[in-house]
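# What the coordinates show
Listed below are the residues making up each chain.
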Amino acid sequence: SNRQGPVLLRAARGGETSLRGCGTPLPGPLLAASPMIAAGALLLSAALPACWAERAVEDETSLLQTMQLVRTPARRHGHLPSSAADLPRVPASYWLQHAAVGPEKCGHLTSECAATGGDPTTMFNNNYNCHTYKQDFLRPLPEVMREHPGVDGFCHFNASALYIEYFGEHPSYVDTTANSIAELRSLGLYRGQNTGPLVTFHWEGQAVQTYFDVLHYIYDDLYGFSMGFLQGQGLNTSLMQNSAAWMELSKKQCLQVQQTYQFRNDELVLADILDMNLAIMAQCLCAAGVPLPASLRIPYVTEHAGYRSPSDCKTVTMREFARHHYMKCLLGYKNSAADMAYLHGRACLLEGNRIGHFDECPFSPPGF
């Protein structure tokens with residue numbers, strides 16, 4: 001497969017980064033976002049080919065929303081600030097010089113991409129072009145993992161996408177769920193529970209509603225509902241307190257996914273699944289009747305999503321959601337358990353097929 005991205009263009013003047021040919025400087029407040037996402041937002045605006053992200057850079061919020069699509073369950077262990085204002089401002093050069101490449105024993109970005117934090121032409125959702133194990137991106141995951149018995153897939157493919165990062169051996173799923181929520185809120189776009197418009201997904205013959213409080217809810221709410229991972233859909237929430245028990249539950253869910261969908265090996269190639277992450281967001285927006293933000297109207301997203309306009313687009317399927325989750329099953333039940341915990345801990349299914357959040361639900365992570 002030819003996965004070479006377009007030639008990258010950068011122009012920096014006096015500490016400001018702009019799109020060559022677009023002439024729009026990157027707003028300074030972007031650096032107040034979560035470190036990994038701030039780096040991604042900076043590099044997206046600085047490195048995408050001329051004018052791909054022009055409209056996104058004109059609106060700081062839309063650019064931040066783009067990077068907010070990156071889903072990062074269980075990526076942090078320490079305290080995360082609850083708002084962007086709590087984060088220190090740092091010069092752009094810091095993130096260019098100190099992009100994390102992961103533990104030495106794990107896969108990581110190659111030297112030519114370590115400074116940029118990955119491949120900006122995919123919005124850092126598929127770092128095939130600059131990963132130490134790039135050859136394994138193009139092979140079925142079951143085959144790759146059979147060749148590495150006992151290895152955590154998030155270690156082998158560490159930094160393969162912005163949301164795939166090795167985070168150690170012994171997770172606390174309650175803590176990692178809380179940290180993931182805090183990290184997303186640190187972007188400063190969350191304005192409060194049920195403050196957004198009530199939207200209805202017309203999807204798979206059902207009508208499901210949620211409050212569109214922030215952009216990633218459109219993906220995460222429908223994903224959790226589709227997988228049956230929301231509170232009120234049958235999972236035993238108390239098991240989150242016991243990591244081994246929660247991982248065992250995740251294993252059972254993973255086996256059920258494969259029993260239901262019977263994914264072939266050629267459907268389980270990592271690069272193909274990574275390329276669908278932002279496309280799934282576009283397809284979720286289609287199901288909700290919400291236009292695709294300008295920051296996502298780039299060929300990498302629209303071509304994978306089959307998106308042409310709000311009235312001419314494809315909706316996400318249950319099978320595609322299941323494939324996205326099953327990727328994490330194949331990379332290790334610890335990782336699929338983190339995904340399941342995040343989706344379960346933040347939302348619940350209420351009467352009338354409305355998805356509720358946090359204090360509307362029987363369980364909410366500490367601090368939320």
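For the structure, see preceding data.
Position labels on residues start from 1 in each chain and follow its written sequence. A pLDDT threshold of at least 70 governs which residues receive local features in this predicted model, and a stricter bar of 80 or more applies before side-chain atom pairs are shown or counted, although totals over entire chains, interfaces and linings include all residues. Here the side-chain values reflect all heavy atoms present in the structure, with hydrogen atoms and water set aside.

Let's shift gears to helix α16 (residues 333–346). By the criteria applied, helices consist of DSSP H or I runs no shorter than four residues and strands consist of E runs no shorter than two, each listed in order from the N terminus. Multiplying one less than the number of residues by 1.5 Å gives the expected span of a helix. Spanning 14 residues, α16 covers 20 Å between terminal C-alpha atoms, matching the ideal 20 Å at 1.5 Å per step. Think of it in three bands: residues with accessible area under 20% of the maximum for their type are buried, residues over 50% are exposed, and the middle band is partly exposed, with areas taken using a 1.4 Å probe on protein chains only. The buried count for α16 comes to 13 of 14 residues, which makes it a mostly enclosed element.

This paragraph deals with the side chain of S250. Within the secondary structure, S250 sits in helix α11 (residues 243–261). For S250, the residues in contact, after removing those within four places along its chain, are Y333, S336, A337 and M340. Any pair of residues with heavy atoms lying within 4.5 Å of one another is described as a contacting pair.

So, about the state of the cysteines. When two cysteine sulfur atoms lie within 2.5 Å, the pair is treated as a disulfide. Taken as a whole and assessed by the stated rule, the structure comprises four disulfides. Across a sulfur-sulfur distance of 2.0 Å, C106 and C155 are joined as a disulfide pair. When the S-S torsion is -100°, as for the bridge of C106 with C155, the disulfide is left-handed. Placement of C106 in the loop between α4 (92–97) and α5 (111–114) and of C155 in helix α8 (residues 153–156) is noted, with a sequence separation of 49 residues between them. Paired through a disulfide, C286 and C313 show a sulfur-sulfur distance of 2.1 Å. Linking C286 and C313, the disulfide has an S-S dihedral of approximately 85° and is accordingly described as right-handed. Taken as a pair, C286 in helix α13 (residues 277–288) and C313 in the loop between α14 (299–305) and α15 (318–330) lie far apart in primary sequence, 27 residues in all.

Spanning 19 residues, α11 covers 27 Å between terminal C-alpha atoms, matching the ideal 27 Å at 1.5 Å per step. Residues of α11 that are buried include every one of W246, L249, S250, C254, V257, Q258 and Y261, and no others. Buried residues in α11 make contact with α9 (173–185), α10 (216–227), α15 and α16. As used in this structure description, the phrase polar contact means that two N or O atoms lie within 3.5 Å; if the pair is within protein, one of them must be able to donate a hydrogen and the other to accept it, and residues adjacent in sequence are counted only when both atoms belong to side chains. The distance from a side-chain oxygen at the start of α11 to the backbone nitrogen of A244 is 3.1 Å, and the residue carrying that oxygen is N242. Once α11 finishes, Q262 follows within two positions and takes phi at roughly 50°, a positive value.

In this section: the sheet that holds strand β5 (residues 347–350). When DSSP finds two or more bridges between a pair of strands, those strands are recorded as paired. The four strands lie next to each other as β3-β4-β6-β5, forming an open sheet whose pairing is mixed. At either margin of the open sheet sits one strand with a lone partner, and together these are β3 (198–203) and β5. Strand-to-strand, the axes of this sheet are offset by a mean angle of 30°, without reference to chain direction. An axis is simply a line fitted to the C-alpha atoms; with a helix, the fit covers only the stretch in contact. Between two such axes, the angle follows the N-to-C directions and lies from 0 to 180 degrees. Lying on the sheet, α10 is in contact with β3, β4 (206–211), β5 and β6 (354–357); it crosses β3 at an angle near 50°.

Take the packing of aromatic side chains next. What describes a pair of aromatic rings is the distance from one ring centre to the other and the angle between the planes of the rings. Only Phe, Tyr and Trp rings take part, Trp by its six-membered ring, and two of them pair if their centres are within 6.5 Å. Stacked means planes under 30 degrees apart, edge-to-face means over 60, and tilted covers everything else. On inspection of all chains with the given rule, the structure shows 10 aromatic pairs. A centroid spacing of 5.6 Å and a plane angle of 75° characterise the contact between F137 and F157, whose relative ring orientation is edge-to-face. Here F137, found in helix α6 (residues 134–137), pairs with F157, found in the loop between α8 and α9; they are 20 residues apart in sequence, far enough to count as distant. Of the two residues, F137 and F157, neither departs from the other in class, the shared state being buried. Working rule: Lys NZ or Arg CZ, within 6 Å of ring centre, within 35 degrees of ring normal, means a charge sits over the ring. Between R185 and the ring centre of Y190, over which it is positioned, the NZ or CZ distance is 4.0 Å.

Another point: the packing of α10 against α15. Running from N to C, α10 and α15 cross one another at 90°; their axes reach a closest spacing of 10 Å. Classified by the interaxial angle, the pair formed by α10 and α15 is roughly perpendicular. Facing α10, whose interface residues are Y219, L222, Y223, S226 and M227, α15 presents M318, F321, A322, H324, H325 and K328. Broken down by class, the residue content of the contact of α10 with α15 amounts to seven nonpolar, three polar and one charged. For classification purposes, angles smaller than 35 degrees are called roughly parallel, those larger than 145 roughly antiparallel, those between 65 and 115 roughly perpendicular, and all remaining angles oblique. Classification convention: Asp, Glu, Lys, Arg as charged; Ala, Val, Leu, Ile, Met, Phe, Trp, Tyr, Cys, Pro as nonpolar; all other residues, Gly among them, as polar.

Here the nonpolar core consists of buried residues drawn from Ala, Val, Leu, Ile, Met, Phe, Trp, Tyr and Cys, with membership extended through side-chain atoms lying within 4.5 Å. Among the nonpolar cores identified, the biggest contains 86 residues, and I218, L222, W246, F321 and M327 are the most heavily contacted of them. Counting residues per element, this core draws most heavily on α13, at 10 residues. Setting aside its immediate chain neighbours within four residues, W246 contacts Y173, L235, N236, L239, M240, A337, M340, A341 and H344.

Definition used for salt bridges: Asp or Glu carboxyl oxygen within 4 Å of a side-chain nitrogen of Lys or Arg. In total, this model carries 11 salt bridges according to the counting rule given. Among the ionic pairs, E267 bridges to R319, the shortest N-O distance being 3.0 Å. Residue E267 is located in the loop between α11 and α12 (270–275), and its partner R319 is located in helix α15; the two are separated by 52 residues in the primary sequence. Taking the shortest distance from any N to any O, the salt bridge between R308 and D312 comes out at 3.0 Å.

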